[in-house]
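A look at the structure
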Amino acid sequence: MAVDTLLDMETADLESGVKRLKSGGVVAIPTDTLYGLAADVFNSSAIDRVFAIKGRPKDLALPVLVSNWDQVVKISKNLPLPAQVLANGFWPGGLTLVVERADGLPEQLTAGGPTVAVRMPAHPVPIHLIDGLGSPITGTSANISGGPDIPSLAELTDQLGGLVDHVIETGPEPKGIASTIIDITIGTPKLLRQGVIPFDSVLETWEAGLK
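Residues numbered from 1 in each chain as written. Predicted model: local features only at pLDDT ≥ 70, side-chain atom pairs only at ≥ 80, totals over all residues. Heavy atoms only, no water.

Quick look at the overall build of the protein now. The secondary structure content of the protein amounts to seven helices and eleven strands. Computed over its C-alpha atoms, the radius of gyration of the protein comes to 17 Å, within 12% of the 17 Å expected for a compact globule of 211 residues. The dimensions of the protein, computed from C-alpha atoms along their principal axes, are 55 × 35 × 30 Å. Looking at the protein as a whole, 47% of its 211 residues are labelled buried. Across the protein, contacts joining residues at least 24 apart in sequence account for 66% of those joining residues at least 6 apart. (Helix = DSSP H or I, 4+ residues; strand = E, 2+ residues; numbered from the N terminus. Rg over C-alpha atoms; globule rule 2.2 N^0.38 Å. Buried < 20%, exposed > 50% of the residue type's maximum accessible area, 1.4 Å probe, protein only. Contact = heavy atoms within 4.5 Å.)

Right, dumping it as C-alpha cells:
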C-alpha cells in the first residue's frame, strides 16, 4: 500500500471520528495510557450514552481530555496558582488534575459533584479529535465498568465496536499504564491514584510553582 494512500485512510478515519463527535456520537479511541470512550463534554445525551455503553454507575464522574490550557480554564474555576505550573511540567502526559468544575458543565459529567478530572494526553489521536471538535472530550477507559482494561484494538472492536458510533484504528496503541490522579482543590496536592507520574515529582513541581 502506498504511503499517501495509508495517510489518506488515516485522515478519513480521524475525520469520521470528528464528524461522529460533532453529531453527538461516542467514539472509541486510543490514548497514551488506555483505550478510551470519547464524547463531547458539553453534550448531555452523548455523556448519557457513555454511561450506558460502559454500564457505569451514574455516581462516578467522567474524566475529561483537553488539547490546551484555555480549555482547562473553560471547564474549571478557582484554579490554584501552581496548577498551570503542573500542566507545563507534565502535559501532555500521564497526570490528571482534579479541579473545581465550571458552572456550565453538564451535571452528568461530574456526577453532580463540585470537581472535574482533566488531562492533556500525549497521543495524536485525541488531540486531533479535540481540535477538530473544538471542545474537550470524555476520557473514560473503553471497557465495561468494573471489568479489565482492553489491551488491544482487536479486543476493543470485538467488545465495543457494535455499541459505539466509530472505532478509531489510527495511531499508536496505548502504553497500558494509567495516569496519576491528583486533587488540587484542597490547598496542597492529594494523591488519588498512583500512575505513571511519581507523586514526589508532582509535589516538587507544585512547591516550585508557589515560589
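Okay, the nonpolar core next. L37, W91 and L95 are the most contacted members of the largest nonpolar core, which has 42 residues in total. Secondary-structure elements contributing two or more residues to this core are β2 (35-38), α2 (44-54), α3 (69-75), α4 (83-90), β5 (95-101), β6 (115-119), α6 (153-160) and α7 (199-210). Per element, the largest residue contribution to this core is five residues, and it comes from α2. What L95 contacts, discounting residues up to four positions off in sequence, is L86, F90, V118, R119, S179, T180, I182, I197 and V202. (Core = buried A, V, L, I, M, F, W, Y, C linked by side-chain atoms within 4.5 Å.)

Moving on, we come to the sheet that holds strand β1 (residues 27-30). The strand order β8-β2-β1-β9 describes an open sheet built from four strands, whose pairing is mixed. In this open sheet, the two edge strands, each paired with only one partner strand, are β8 (140-141) and β9 (166-167). Pairing geometry for β1 and β2, over four bridges, is antiparallel. Bridge pairing in β2 links A28 to L37. (Pairing = 2+ DSSP bridges.)

What follows concerns the side chain of N143. Here N143 is to be found in the loop between β8 and α6. Here P148 takes part through its backbone oxygen, which lies 3.4 Å from a polar atom of the side chain of N143. When residues no more than four places from it in sequence are discounted, the contact partners of N143 are K54, P148, D149, I150 and L160. (Polar contact = N/O pair within 3.5 Å; in protein donor to acceptor, adjacent residues only side chain to side chain.)

With their axes 8 Å apart at the nearest point, α4 and α7 run at an angle of 130° to one another. By the angle between their axes, α4 is oblique relative to α7. Helix-helix and strand crossings are classified by hand; for α4 and α7 the assignment is right-handed. Packed against α4, whose contacting residues are V85, L86 and F90, the element α7 presents S201, V202, T205, W206 and G209 at the interface. For the contact of α4 with α7, a count of residues per class yields five nonpolar, three polar and no charged. (Axes fitted to C-alpha atoms, helices over the stretch in contact; angles between N-to-C directions. Parallel < 35°, antiparallel > 145°, perpendicular 65-115°, else oblique. Left-handed = near helix turned anticlockwise from the far one by under 90°. Nonpolar A, V, L, I, M, F, W, Y, C, P; charged D, E, K, R; others polar.)

Right, let's talk about the pattern of salt bridges for a bit. Summed over the entire model, instances satisfying the criterion amount to four salt bridges. A salt bridge links R119 to D32; the shortest N-O distance between them is 3.0 Å. One end of the pair, R119, is in strand β6; the other, D32, is in the loop between β1 and β2, and 87 residues separate them in sequence. In this structure R119 comes out as buried when scored by relative accessible area, which is 4%. Look at D32 and you get buried, because its relative accessible area is 10%. In this structure, the salt-bridge partner of D103 is K77, at a minimum N-O distance of 3.0 Å. Of the two residues, D103 is situated in the loop between β5 and β6 and K77 in strand β4 (residues 76-77); the sequence distance between them amounts to 26 residues. (Salt bridge = Lys/Arg side-chain N within 4 Å of Asp/Glu carboxyl O.)

Per the counting criterion, the structure on display carries one aromatic pair. Arranged with centres 6.3 Å apart and planes meeting at 50°, the rings of W69 and W91 form a pair that is tilted. With W69 in helix α3 and W91 in the loop between α4 and β5, this pair connects stretches of sequence that are 22 residues apart. Judged on exposure class, the residue W69 and its partner W91 are both buried. Seen from the ring of F51, K58 lies directly overhead, with NZ or CZ sitting 6.0 Å from the centre. (Phe/Tyr/Trp six-rings, centres within 6.5 Å; stacked < 30°, edge-to-face > 60°. Lys NZ or Arg CZ within 6 Å of the ring centre and 35° of its normal.)

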